[in-house]
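Overview (structure and organization)
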Amino acid sequence: MKVRHVFSTPDLPTAQAVMNAARGAGVHDDDILLVARSDIELEEIPNEFKEADTDLIPAALRGAGYGGAAGLLAGLAAIVITPIGLTLAGAAAAAVAGALVGSWASALVGSSLPDPIRRKFDDEIQAGRILVVLDGDKDFLDRTEGIITTAGGTHLPYEASKAMA
């Protein structure tokens, strides 16, 4: 499973040096993202390196899990209540319906929230720093941290599983 590490850089040239160091260490372009203040992102950062600025996908995945579990429990409870006469297939249908509704509702809420990196490091972003986000195996990213630091990146206290690894 891939994890995310975040590095702070003072400006775009340093962020580019960190990206080049990461590439030299074996990180693929698909696993490098940049997060910055909106005015910096609009003017200076190429679209392929921009991080989505909402919590949409992780929220939808959480909603599917919680909604599916709630639907399954409701379906199983309905099986126990004899007058309803629900079968196991009905309980499965309730679980699927719960997952769909949970995913939809959570995605709506998640689309209005900034992603976790933006929430946690808002002070860094507002100060004009550019965050370089690297995705990869934990051991690999731990080994490359020295190279990234030498290139000018400051490791920030963040490590999370990538939602769509």
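Since we're looking at a predicted model, the values are computed, not measured. (Residues numbered from 1 in each chain as written. Predicted model: local features only at pLDDT ≥ 70, side-chain atom pairs only at ≥ 80, totals over all residues. Heavy atoms only, no water.)

Details of the pattern of salt bridges
For the structure shown, the criterion picks out four salt bridges. The salt bridge involving Glu124 is made with Arg129; its shortest N-O contact spans 3.8 Å. For the salt bridge of Asp142 with Lys138, the shortest nitrogen-to-oxygen distance reads 3.0 Å. One end of the pair is Asp142 and the other is Lys138, both in helix 7 (residues 138-150) and four residues apart, which spans about a single turn. (Salt bridge = Lys/Arg side-chain N within 4 Å of Asp/Glu carboxyl O. Helix = DSSP H or I, 4+ residues; strand = E, 2+ residues; numbered from the N terminus.)

Comments concerning the side chain of Asp135
Secondary-structure assignment places Asp135 in strand 3 (residues 130-136). Within the structure, Asp135 has its side chain in polar contact with the side chain of Arg4 (distance 2.7 Å). (Polar contact = N/O pair within 3.5 Å; in protein donor to acceptor, adjacent residues only side chain to side chain.)

Here's the deal with helix 1 (residues 12-25)
The end-to-end C-alpha separation of helix 1 is 20 Å, in line with the 20 Å expected for 14 residues at 1.5 Å each. Every buried residue of helix 1 is listed here: Leu12, Thr14, Ala15, Val18, Met19, Ala21 and Ala22. In the stretch just after helix 1, Gly26 is the one whose phi turns positive, near 110°. (Expected span 1.5 Å × (residues − 1). Buried < 20%, exposed > 50% of the residue type's maximum accessible area, 1.4 Å probe, protein only.)

What to know about the confidence of the model for the protein chain
Chain-level statistics for the protein chain give a pLDDT mean of 74 and a share of 72% at 70 or above. Model confidence for the protein chain, summarised as mean pLDDT per element, is weakest for helix 2 (residues 38-44) at 60 and strongest for helix 1 at 88. (pLDDT = per-residue confidence, 0-100.)

Concerning the environment of Ala17
Within the secondary structure, Ala17 is located in helix 1. When the C-alpha atoms of Ala17 and Ile148 are compared, they prove to be 8.6 Å apart, with 131 residues separating the residues in sequence.

Considerations on the nonpolar core
Judged by nonpolar contacts, the single largest core of 17 residues is most densely connected at Ile32, Val132, Leu134 and Ile148. Breaking this core down by element, the ones donating at least two residues are strand 1 (3-9), helix 1, strand 2 (32-35), strand 3 and helix 7. Take this core: its biggest share by element is six residues, from helix 1. If near-sequence neighbours (up to four positions away) are discounted, Val132 is found in contact with His5, Val6, Phe7, Thr9, Ala15, Val18, Met19, Ile32, Leu33 and Leu34. In terms of nonpolar packing, the next biggest core, distinct from the first, is built from ten residues, Leu33, Ile117, Leu131 and Val133 among them. (Core = buried A, V, L, I, M, F, W, Y, C linked by side-chain atoms within 4.5 Å. Contact = heavy atoms within 4.5 Å.)

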